[in-house]
Amino acid sequence: MYTQLEQFSLKATNSVQFPPGCHSNGSRTTFSQIWNRFLETGSAGRRPGHGRRRATTPNEDRYLVLMAWRHRNMNATLLQQHLRSATGTTDSTQTVRNRLHGVDGPLTAHRYRDEIFRPIVVPYAAAIGDDFILMDDNCRSHRANLVEDFLFEEGIVRMEWPACFPDMNPIEHVWDALGRRVAGRQPPPQTLRELKRALLEEWDRIPQLVINSLIDSMPQRCSTLLTVRGNHIPY
């Protein structure tokens, strides 16, 4: 049974006069629904909905961010393929872009020099001595004149590198293993500090045998590359 207030409310809802342009059945129905919701719950606010299920897990989001940091020139399509290979999850390229929203900008030549070469590479090269040879790839920021001039001034010798040959760089396998290890941690890192600690811990856990095996594979990689005349090799 309706109370007198509820009966009055129902009559008011059915007899209310809407302003011009808002007198459609849809508007009246919407008004009725809001009022009935208020009577039932004491609030006219929308009920919280479950919404669409999130396409990626927090671990997969962190894996994407890690890969984007490591491969600064990798587009959303390639990141999508890496995610599918590592986790079996298939997402749209737009989802990948959404997950990377807010990640710092690309690795510029200035950042490469100031954040990597000066604090890390130069001291390490000095510790190794005259036998040190730098191996990086042909990323645009790596080959900028600013970087070339800096290496010349520091006396650092760089290995010649063919264009578009990640197959020849064994470190790519290490980055992939590191990314998978961090993405599989439970509980996953929640902050940048936790992510940094996770990276260092998982780096230390990669068996030295794996590193040695990758280094030892270089002669065979080069031989295979020559055999296929520079085409793709299975590494």
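Scroll up to find the structure.
Residues numbered from 1 in each chain as written. Predicted model: local features only at pLDDT ≥ 70, side-chain atom pairs only at ≥ 80, totals over all residues. Heavy atoms only, no water.

Q: Could you clarify how one ought to interpret the pattern of salt bridges in this entry?
A: Pairing between side chains of opposite charge can happen when the charged atoms of each approach one another. One pass over the full model with this rule turns up 11 salt bridges. With its nearest N and O atoms 3.0 Å apart, the salt bridge here joins R111 to E115. One end of the pair is R111 and the other is E115, both in helix α6 (residues 109-128) and 4 residues apart, which spans about a single turn. A residue is classified by how much of its surface remains accessible, and E115, at 42% relative accessible area, is partly exposed. A salt bridge links D114 to R118; the nearest nitrogen and oxygen atoms lie 2.7 Å apart. Placement of both D114 and R118 in helix α6 is noted, with a separation of 4 residues, approximately one turn of the helix. The partly exposed category is assigned to D114, whose relative accessible area is 35%. (Salt bridge = Lys/Arg side-chain N within 4 Å of Asp/Glu carboxyl O. Helix = DSSP H or I, 4+ residues; strand = E, 2+ residues; numbered from the N terminus. Buried < 20%, exposed > 50% of the residue type's maximum accessible area, 1.4 Å probe, protein only.)

Q: Can you walk me through the side chain of R158 in this structure?
A: By secondary structure assignment, the location of R158 is in strand β2 (residues 157-158). Within polar-contact distance, the side chain of R158 engages the side chain of D136 at 2.9 Å. Of note is the side chain of R158, whose polar atom sits 2.9 Å from the side chain of E148. Those residues in contact with R158, other than ones at most four positions away along the chain, are I133, L134, D136, H142, R143, V147, E148 and L151. (Polar contact = N/O pair within 3.5 Å; in protein donor to acceptor, adjacent residues only side chain to side chain. Contact = heavy atoms within 4.5 Å.)

Q: Please explain the packing of α6 against helix α7 (residues 145-154) as it appears in this structure.
A: Geometry of a packed helix pair, given as the angle between the helix axes and the separation of the axes. At a minimum axis separation of 10 Å, α6 and α7 run at an interaxial angle of 25 degrees. By the angle between their axes, α6 is roughly parallel relative to α7. Taken as a pair, α6 and α7 cross one another with a handedness that is right-handed. Only L146, V147, F150, L151 and E154 of α7 make contact with α6, whose side of the interface consists of A109, H110, Y112, R113, F117, R118 and V122. Class assignment for the residues of the contact of α6 with α7 results in 8 nonpolar, 1 polar and 3 charged. (Axes fitted to C-alpha atoms, helices over the stretch in contact; angles between N-to-C directions. Parallel < 35°, antiparallel > 145°, perpendicular 65-115°, else oblique. Left-handed = near helix turned anticlockwise from the far one by under 90°. Nonpolar A, V, L, I, M, F, W, Y, C, P; charged D, E, K, R; others polar.)

No statement about biological role is implied by the geometric values presented.
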